[in-house]
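# Structural overview
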Amino acid sequence: MRKIIDFNVATLASLFILSILILFHIAILTGILFFDYVPIDSLWGGKMKTVAQLLNFEIVSLLTSIIFFFLLLIRSKLLNIPKLTGIARVAMWVLFVFFLVNTIGNVLATTTFERLFAIASGVLALLFLRIAIEKNGDNVLRKKQRRN
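Remember, predicted model here, so these are calculated numbers, not experimental data. (Residues numbered from 1 in each chain as written. Predicted model: local features only at pLDDT ≥ 70, side-chain atom pairs only at ≥ 80, totals over all residues. Heavy atoms only, no water.)

In terms of helices and strands, the protein chain carries five helices and zero strands. Ordering the α and β elements of the protein chain from the N terminus gives α-α-α-α-α. Buried residues in the protein chain amount to 41% of all 148 residues. Surface summary for the protein chain: the accessible area is close to 8800 Å², and the carbon and sulfur share equals 71%. (Helix = DSSP H or I, 4+ residues; strand = E, 2+ residues; numbered from the N terminus. Buried < 20%, exposed > 50% of the residue type's maximum accessible area, 1.4 Å probe, protein only. Areas by Shrake-Rupley, 256 points an atom, 1.4 Å probe, with all protein chains shown as cover.)

Our next topic: the layout of surface pockets. As a volume, the largest pocket reaches approximately 740 Å³. His25, Trp44, Asn102, Asn106 and Glu114 are, among the 29 residues lining the largest pocket, the residues nearest its centre. Contributions of two or more residues to the lining of the largest pocket are made by α1 (7-35), α2 (51-75), α3 (85-107) and α4 (112-133). Partitioned by chemical class, the residues of the lining of the largest pocket number 16 nonpolar, ten polar and three charged. (1 Å grid on protein atoms, 1.4 Å probe; cavity = no way out; pocket = protein on both sides within 12 Å on 5 of 7 lines; lining within 4 Å. Points joined across faces, edges and corners; volume = space filled by probe spheres on them. Nonpolar A, V, L, I, M, F, W, Y, C, P; charged D, E, K, R; others polar.)

What follows covers α3. Along an α-helix, residues three or four positions apart point the same way, because every turn accommodates 3.6 residues. Taking 1.5 Å of rise per residue, the 23 residues of α3 would be expected to cover 33 Å, and the 33 Å separating its terminal C-alpha atoms lies within 8% of that figure. Every buried residue of α3 is accounted for by Ala88, Ala91, Met92, Leu95, Phe96, Phe99, Thr103 and Asn106. In this structure, the buried side of α3 is in contact with α1, α2 and α4. (Expected span 1.5 Å × (residues − 1). Contact = heavy atoms within 4.5 Å.)

With that settled, the discussion passes to the packing of α1 against α4. Helix packing geometry: the angle between the two helix axes and the distance between the axes. The N-to-C vectors of α1 and α4 enclose an angle of 145°; their axes lie 9 Å apart at closest approach. In the packing of α1 onto α4, the handedness of the crossing is left-handed. Note on element contacts: α4 touches α1 through Phe113, Phe117, Val123, Leu124, Leu127, Phe128, Arg130 and Ile131, opposite Phe7, Ala10, Thr11, Ala13, Ser14, Ile17, Leu18, Leu21 and Phe24. Of the residues belonging to the contact of α1 with α4, the class tally is 14 nonpolar, two polar and one charged. (Axes fitted to C-alpha atoms, helices over the stretch in contact; angles between N-to-C directions. Left-handed = near helix turned anticlockwise from the far one by under 90°.)

Rendered as structure tokens:
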């Protein structure tokens, strides 16, 4: 797997996809809070019963996505917090399993919209696997600077 996807490519791709996911959750929350737009049947496999339930799930999803983003920054040493480096490495394995299970859940969802998310979560699972197997995460930007 190390020869198929470079650590830096996996890191940057994961950061990009997580950024889009964060923006997606912000858009949903904005629609609910400011525009009274509640796509309750399209999200979470159509299993949400109330607006409050959807709002709570979206807030938790946004916060966890932000945590994932910061763990990835720490793992790649773009955010240098040495005390959390070991935790971030273990977290990549946890995120791999999380997105693998999430992919299965999305494939089994009743809505087409949710099934489409299986692609993104499947890609993230593979990217996090690649990041997790790297022995020493390296600062993506620093590595580019050394090449120049």
